[in-house]
Amino acid sequence: MGRWSDRLADRRSVLVLAALAGVAGAGGFALVREYALVCATGALLGGLANTYASQVFAYARELSELTGRSLARGTAAVRAVFSAGWVLGPPAGLLLLARTGFGTLYASLAALLLLAALLARMVLPRVPRTKTPPTKLCHVLAQVPRRTWLLLGAATAVNVADQMYLIALAPYVTRELGLSPALVGVLAGTCAALEIPLLIGVGRLAARLGEERLARAAAVLAVAFFALVPFAASGPSLLLLQVPNALWTAVLVSLPMVLVQREVPGGAGTAAALFSATFPVAQLISGTLTGLVATGTGYGGTFWCGAALCALACVLLRARRAA
């Protein structure tokens with residue numbers, strides 16, 4: 001989808017297509033009751049809908065270039081909107097689910113995605129650009145610099161650690177610490193809420209400290225965060241740790257995207273898609289790894305594994321300096 005989008009004269013068409021695929025997928029979940037059909041259409045349409053995020057970042061890059069604004073600030077602002085979605089979406093979805101059921105929940109999702117398609121087509125300004133000539137995927141990947149692969153490896157390692165934390169947090173809080181399940185939602189919502197102002201400030205901070213230096217500092221902070229989580233045995237201490245959690249997350253979910261878009265040859269869609277691919281790859285790895293580690297050491301052990309993965313990210317980011 002990323003390579004195809006770079007060949008079009010108007011990226012808004014891809015945003016509309018991705019949103020409409022989500023509308024169809026949500027409609028299938030709301031209406032279809034045949035498991036195999038739901039599974040097949042959900043995987044296909046959901047996969048297409050998930051490309052909306054990477055295409056939004058690609059559009060933000062092109063809009064920044066057109067207006068002369070900072071790419072780092074623009075990317076951070078878009079990511080802040082996603083964080084706001086994490087604050088508002090889960091409680092709204094749970095409220096709909098509890099009061100009306102899955103049908104209304106997915107119908108509401110379809111309506112929101114339809115609104116996203118309309119906004120992309122009718123509100124977003126058209127960004128004129130030159131079409132990227134078609135190239136084979138293997139040729140595109142061969143042109144990616146070594147230092148960019150190191151960055152992508154670091155981003156994947158950090159994303160695996162983050163996904164392991166999200167998977168293990170609920171059973172760790174409720175089973176091993178014996179605390180309220182509501183605390184899990186409070187922790188997730190607090191972190192997402194803190195990310196919003198931090199993301200807005202990332203662009204300015206990167207301009208002062210340097211993007212590479214800030215990314216390495218955030219990776220070190222991530223190591224400290226995961227190493228401290230096993231020692232936090234109370235609600236207030238876990239809540240306090242959401243400050244460094246939000247800080248390193250705000251940096252490492254936005255700055256690497258900016259760096260990849262600058263370093264990957266070709267169109268903005270290809271670069272954004274290449275970075276966005278680190279998230280589903282991390283999801284594939286984190287689920288299995290969390291199960292293996294939790295079975296052997298308990299859920300607290302997954303946080304030490306997360307610290308080790310972030311330490312690996314530190315090594316890869318430092319290796320970029322010599323690459």
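Shown above is the structure to which this text applies.
Chemist: Tell me about the overall build of the protein, residues and numbers included.
Modeler: Along its length, the protein carries 15 helices and zero strands. Over its C-alpha atoms the protein spans a radius of gyration of 20 Å, differing by no more than 12% from the 20 Å that the globule rule assigns to 323 residues. The long-range fraction of contacts in the protein, counting pairs at least 24 apart against all pairs at least 6 apart in sequence, stands at 82%. Within the protein, the 11 negative side-chain charges are centred at a point lying 5 Å from the centre of the 26 positive side-chain charges.

Chemist: Quick rundown of the packing of helix H2 (residues 12-31) against helix H5 (residues 102-122)? Include the residues and the values.
Modeler: Geometrically, a packed helix pair is captured by the angle between its two axes and the distance between the axes. Relative orientation of the contacting elements H2 and H5 amounts to 170°, with a least axis distance of 8 Å. By the angle class used here, H2 and H5 are roughly antiparallel. Mapping the contact onto sequence places Arg12, Ser13, Leu15, Val16, Ala19, Leu20, Gly22, Val23, Ala26, Phe29 and Ala30 in H2 and Gly103, Tyr106, Ala107, Leu109, Ala110, Leu113, Leu114, Ala116, Ala117, Ala120 and Arg121 in H5. Across the contact of H2 with H5, the residue classes tally to 17 nonpolar, three polar and two charged.

Chemist: For the nonpolar core, give the residues involved together with the corresponding values.
Modeler: Core analysis: the biggest nonpolar cluster contains 76 residues, and Val173, Phe226, Trp248 and Leu252 have the highest contact counts within it. The biggest single contributor to this core is helix H7 (residues 146-176), with 15 residues. The residues contacting leucine 252, other than those within four sequence positions of it, are Val158, Ala215, Ala218 and Ala219.

Chemist: If you had to explain helix H9 (residues 211-228) to someone new, which residues and values would you point to?
Modeler: Compared with the 26 Å implied by 1.5 Å per residue over 18 residues, the 26 Å span of H9 between its first and last C-alpha is a close match. Those residues of H9 that are buried are in contact with helix H4 (71-100), H7, helix H8 (182-209), helix H11 (242-252), helix H12 (255-263) and helix H15 (300-322).

Chemist: Tell me what's going on with a nonpolar patch on the surface, and back it up with residues and numbers.
Modeler: A surface patch of nonpolar side chains, about 770 Å² in accessible area, is lined by Leu20, Leu112, Leu114, Leu115, Leu118, Leu119, Met122 and Val123. The element contributing the most residues to the nonpolar patch is H5, with six residues. Here leucine 115 falls in the partly exposed class, since its relative accessible area comes to 44%.

Chemist: Residues and numbers for the environment of glutamine 163, please.
Modeler: Topologically, glutamine 163 is positioned in helix H7. It is 9.1 Å that separates the C-alpha atoms of glutamine 163 and glycine 306, two residues lying 143 residues apart in sequence. Filtering out sequence-adjacent residues up to four positions away, glutamine 163 remains in contact with Gln283 and Ser286.

Conventions and cut-offs
- Starting from 1, residues in each chain are numbered consecutively following that chain's sequence as written.
- Where totals are concerned, whole chains, interfaces and linings use all residues; where local detail is concerned, this predicted model gives features only for residues with pLDDT of at least 70, and gives and counts side-chain atom pairs only at 80 or more.
- The basis for the side-chain values is all heavy atoms of the structure; hydrogens and waters are excluded.
- Segments assigned H or I by DSSP are reported as helices when at least four residues long, segments assigned E as strands when at least two residues long, and all are numbered from the N terminus.
- Note that the radius of gyration is over C-alpha atoms, with the globule rule given as 2.2 Å times the number of residues to the power 0.38.
- Should any heavy atoms of two residues lie within 4.5 Å, those residues are counted as being in contact.
- Positive: Lys, Arg. Negative: Asp, Glu. His and the chain ends are not part of the count.
- Just so you know, the charge point we use is NZ for Lys, CZ for Arg, CG for Asp and CD for Glu.
- Note on method: axes are straight lines fitted to C-alpha atoms, helices fitted across the in-contact stretch only, with angles between N-to-C directions ranging 0 to 180 degrees.
- Under this scheme an angle from 65 to 115 degrees is roughly perpendicular, one under 35 degrees roughly parallel, and one over 145 degrees roughly antiparallel; angles in between are oblique.
- We call Asp, Glu, Lys and Arg charged. Ala, Val, Leu, Ile, Met, Phe, Trp, Tyr, Cys and Pro are nonpolar, and the rest, Gly among them, are polar.
- Buried Ala, Val, Leu, Ile, Met, Phe, Trp, Tyr and Cys residues form a nonpolar core when they are joined through side-chain atoms within 4.5 Å.
- Each residue's exposure class comes from its accessible area (1.4 Å probe, protein chains only) as a fraction of the maximum for that residue type: buried when under 20%, exposed when over 50%, partly exposed otherwise.
- Multiplying 1.5 Å by the helix residue count minus one yields the expected span of that helix.
- In this analysis, a patch consists of residues with relative accessible area above 30% that form no salt bridge, clustered at 9 Å for like charges and at 5 Å for the nonpolar side chains Val, Leu, Ile, Met, Phe, Trp and Tyr.
- To be clear on the numbers: accessible area is Shrake-Rupley with a 1.4 Å probe, and residue cover counts the displayed protein chains and nothing else.
- Whenever a carboxyl oxygen of Asp or Glu lies within 4 Å of a side-chain nitrogen of Lys or Arg, that contact is scored as a salt bridge.

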